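Structural overview
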Amino acid sequence: MCEIRTTRSNLMIDKRVSSLEEAIAGIADGDTIMIGGFGTAGQPTYLIDALIDQGARDLTIINNNAGNGEVGLAALLKAKRVRKMICSFPRQVDSQIFDALYRNKEIELELVPQGNLAARIQAAGAGLGAIFTPTGYGTTLAEGKETRHIDGRDYVLEYPIKADFALIKAHQADRWGNLVYRKAARNFGPIMATAAKTTVVEVSQFVELGELDPEHIITPGIFVQRVFSLENLQDNALSA
């Protein structure tokens, strides 16, 4: 635990929202959205469902995969709200929704090697203009891109990936937006939070200020704008 000093300014900081509608407010047609998750691990399913209900279209989605089965990201694809996918692993056994859309030329794909995907998101979060990476050199993924020979090795120039919104999932949050994650569900969440104008988080529970061990906080609240707790859904169900 850590000691929290109470001041007028920190008493005013509260990034909690009480509804999914409030959490995703402001997402517009044509926006670029990062969605956390490695497959279904760490995917903010409730935020995605709220986005489907909200109705924004022509979205560019950044994710490691291109949906699993017919839930979460796959459901967003099925609703035909996505114009373009930027991902590293679009095809797998249960990616039939994306596969059908792509074959019918109803969706664009930018294929990015997984390491490059992470590095480009990190570059955006760090405020870098571009990075040189050896991954993809000499392949079709490097066609039309600047290359450079540095210290005996060949590299490809890649540009940062940033977004209007990041929708991610964490385990716990305090009202300042500090986050801890649960095991492998962490995956892309921390770097996506740094690379979006607005980061929206779905968490399992809220805790009081000072209850999170500072050594366990992976995403500081400075990178988070809104947090919705699934506890609200349970409370609403009990009161119904």
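What you see is a predicted model; the values in this text were computed from it and never measured. Note on numbering: residues in each chain are counted from 1, in written sequence order. Whole-chain, interface and lining totals are the exception, using all residues; otherwise, since this is a predicted model, local features are given only for residues with pLDDT of at least 70 and side-chain atom pairs are given and counted only at 80 or more. The side-chain numbers reported here are obtained from all heavy atoms of the structure, hydrogens and water having been left aside.

**Here's the deal with the pattern of salt bridges**
For salt bridges, the criterion is a side-chain nitrogen of Lys or Arg within 4 Å of an Asp or Glu carboxyl oxygen. Scanning the entire structure with this criterion turns up 12 salt bridges. The residue R16 makes a salt bridge to D14 at a minimum N-O spacing of 2.7 Å. For R16, a relative accessible area of 38% corresponds to the partly exposed category. For E146, the salt bridge identified is with R148, shortest N-O distance 2.9 Å. Exposure remark for E146: the relative accessible area of 39% places this residue in the partly exposed category. Because the salt bridges share partners, they merge into one network encompassing K84, E110, R120, K145 and E158. The rule is simple: take the accessible area with a 1.4 Å probe, protein chains only, and divide by the maximum for that residue type; under 20% is buried, over 50% is exposed, in between is partly exposed.

**Description of the side chain of K15**
The helix count covers DSSP runs of H or I at least four residues long, the strand count covers runs of E at least two residues long, and both are numbered beginning at the N terminus. Topologically, K15 is positioned in the loop between α1 (8-12) and β1 (16-17). Counted as positive: Lys and Arg. Counted as negative: Asp and Glu. His and the chain ends are not counted at all. For the buried K15, no salt bridge is present, and the opposite-charge side chain at shortest range is D174, 8.1 Å distant. A distance of 3.5 Å separates a polar atom in the side chain of K15 from the backbone oxygen of W176. Residues adjacent in sequence count toward polar contacts only when both atoms are side-chain atoms; beyond that, a polar contact is any pair of N or O atoms within 3.5 Å, and within protein one must be able to donate a hydrogen and the other to accept it. Engagement of the side chain of K15 in a polar contact is seen with the backbone oxygen of G221, the distance being 2.5 Å. Contacts are assigned to residue pairs with any non-hydrogen atoms lying within 4.5 Å of each other. Every residue in contact with K15, bar those within four places of it in the chain, is listed here: R175, W176, G177, G221, I222, V224, Q225, R226 and V227.

**Overview of the domain arrangement of the protein**
Where each domain begins and ends follows an automated or database-derived domain assignment. If you check the domain split of the protein, you get domain 1 (26-111 + 162-230) and domain 2 (119-161). Taking the mean C-alpha position of each, domain 1 and domain 2 sit 24 Å from one another. Opposite the 11 residues of domain 1 that make contact, domain 2 presents eight residues. Buried area is understood as the total, over both parts, of accessible area removed when two parts are fitted together, assessed with a 1.4 Å probe. Between domain 1 and domain 2, roughly 710 Å² of surface is buried when both sides are summed, and carbon and sulfur atoms account for 73% of that area. When the buried surface of domain 1 facing domain 2 is broken down by residue, L111, K162 and I191 rank first, second and third, together holding 46% of it.

**Here we look at helix α5 (residues 96-103)**
Every buried residue of α5 is accounted for by I97, F98, D99 and L101. Turning to α5, the residues buried within the fold contact α4 (73-78), β4 (82-87) and β5 (108-111). Once α5 ends, the next one or two residues include K105, with phi positive near 60 degrees.

**Looking at the packing of aromatic side chains**
Pairing of aromatic rings covers Phe, Tyr and the six-membered ring of Trp, with a centre-to-centre limit of 6.5 Å; geometry is then stacked below 30 degrees between planes, edge-to-face above 60, and tilted otherwise. For the coordinates displayed, the defined rule picks out one aromatic pair. Consider the rings of F98 and Y102, whose centres lie 5.7 Å apart with planes at 20 degrees: the pair is stacked. Of this pair, F98 and Y102 are both found in helix α5, four residues apart, which corresponds to roughly one turn of the helix. F98 sits in the buried class, given a relative accessible area of 1%. Note on criteria: charge over ring means Lys NZ or Arg CZ within 6 Å of the ring centre, with the direction from the centre no more than 35 degrees off the ring normal. In this structure, R16 packs its charged tip against the face of F206, placed 5.8 Å from the ring centre.

**Here's the deal with the pairing of strand β3 (residues 59-62)**
Of the two faces of β3, the one carrying L59 and I61 and the one carrying T60 and I62 are both buried. A crossover gets the label right-handed when its path from the first strand over the helix to the second runs clockwise, viewed with the strands pointing away from the viewer. Crossover connection from strand β2 (residues 32-35) via helix α3 (residues 45-54) to parallel β3: handedness right-handed. Inspection of the sheet shows β3 paired to β4 by four bridges, in the parallel sense. Paired with I61 across the strands is M85, a residue of β4. Strand pairing follows a simple DSSP-based rule, namely that at least 2 bridges must link the two strands.

**Section: the side chain of R81**
Summarising the element assignment, R81 is placed in the loop between α4 and β4. Buried charge R81 goes without a salt bridge, the closest partner of opposite sign being D53 at 7.0 Å. Here the side chain of R81 touches I52 through a polar contact of 2.7 Å, landing on its backbone oxygen. If we skip the residues at most four places from it in the chain, R81 touches L51, I52, G55, A56, R57, D58, L59 and L76.

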